[in-house]
Amino acid sequence: SGEDEFVPERGKVENGIYKNSAFGISFSADESWHYFTDSEIAETMGFTAEELLSEDYANVLEEVEMIHDMYCISESGATVNVNYENTGLVYVGIIDEETYVEVASEQLEAQVGGGIGLARNEIGTVEISGKEVPCLFVELELSGTRIYEIIAVKKVENWVGVITCASLWEEELLEIIENISFE
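The model shown is predicted, which means the values in this text are computed figures rather than measured ones. (Residues numbered from 1 in each chain as written. Predicted model: local features only at pLDDT ≥ 70, side-chain atom pairs only at ≥ 80, totals over all residues. Heavy atoms only, no water.)

Enquirer: Would you mind showing me how to read a negative patch on the surface here?
Expert: On the surface, Asp-96, Glu-98, Glu-102 and Glu-106 cluster together to form a negatively charged patch. Its place among the elements puts Glu-106 in helix α5 (residues 97-111). Classification of Glu-106 as exposed rests on a relative accessible area of 56%. (Patch = residues over 30% accessible without salt bridge, like charges linked within 9 Å, V, L, I, M, F, W, Y side chains within 5 Å. Areas by Shrake-Rupley, 256 points an atom, 1.4 Å probe, with all protein chains shown as cover. Salt bridge = Lys/Arg side-chain N within 4 Å of Asp/Glu carboxyl O. Lys, Arg positive; Asp, Glu negative; His and termini not counted. Charge placed at Lys NZ, Arg CZ, Asp CG, Glu CD. Helix = DSSP H or I, 4+ residues; strand = E, 2+ residues; numbered from the N terminus. Buried < 20%, exposed > 50% of the residue type's maximum accessible area, 1.4 Å probe, protein only.)

Here is the structure:
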């Protein structure tokens, strides 16, 4: 029923730690990381900050497939972003985390182009908070530069939290993943 339906809440950043209690996802960053402001995140979504932060946020969620909740970048250029996708709007049935990763892998194959090469698109798992979490290991090539990504997912009801870590150095990804936790 509509009244029992899960509606995600915005995450918050305090003292260098992003936390979204509704999804039980957090990321701890030191002073070398910059968290984007609500205005910067809203701009990437095509909303104004006022729309994103309005009391009518639940209505906004009903109209969109994906919410960009957190984005941060380190001095080295590594990034972490957290998006929430309403799988009830996108997919006919409710899917699990493993199926979501499989579909994301297939979509990635179809979407890459325009001078970007896909060197790796591997389904696997990564350990977060002592649990093996379904993920994609991605390696992109653009003008001779390699970009490495780990895309991990956590499902809550019809929503999937998608955590994307990207870096120019593959070794750095595991260090970044160590700063992510799932409750």
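Enquirer: Explanation requested: helix α6 (residues 170-177) in the structure shown.
Expert: The α-helix advances 3.6 residues per turn, and as a result positions three or four apart in sequence lie on the same side. Of the residues making up α6, those classed as buried are Glu-172, Leu-173, Ile-176 and Ile-177. Looking straight down α6, one finds its buried side chains confined to an arc of 140°; they lie on one side. Turned more than 90 degrees from where α6 packs its buried face, Glu-171, Leu-174 and Glu-175 sit exposed. (Arc of directions from axis to C-beta.)

Enquirer: Help me out: how do you make sense of the packing of aromatic side chains in this one?
Expert: The description of two aromatic rings rests on the distance between their centres and on the angle between their planes. This model, assessed by the stated rule, comprises 3 aromatic pairs. An angle of 20° between the planes, with centres 4.0 Å apart, marks the rings of Phe-23 and Tyr-84 as stacked. With Phe-23 in the loop between β2 (17-20) and β3 (25-28) and Tyr-84 in strand β6 (residues 79-86), this pair connects stretches of sequence that are 61 residues apart. Ring plane angle 75° and centroid distance 5.4 Å describe the contact between Phe-27 and Trp-33, whose orientation is recorded as edge-to-face. (Phe/Tyr/Trp six-rings, centres within 6.5 Å; stacked < 30°, edge-to-face > 60°.)

Enquirer: Please clarify how the sheet that holds strand β11 (residues 180-182) should be interpreted in this entry.
Expert: The strands that make up a sheet are held in pairs by hydrogen bonds between backbone atoms, and each pair lies either parallel or antiparallel. The 4 strands are arranged β1-β2-β3-β11 in an open sheet whose pairing can be described as antiparallel. The two strands at the open ends of the sheet, each matched to only one other strand, are β1 (12-14) and β11. Across this sheet, the average inter-strand angle for adjacent strands is 20°, counted without regard to direction. In this structure, β1 lies alongside β2, joined through 3 bridges in antiparallel fashion. (Pairing = 2+ DSSP bridges. Axes fitted to C-alpha atoms, helices over the stretch in contact; angles between N-to-C directions.)

Just distances and angles here, no functional claims.
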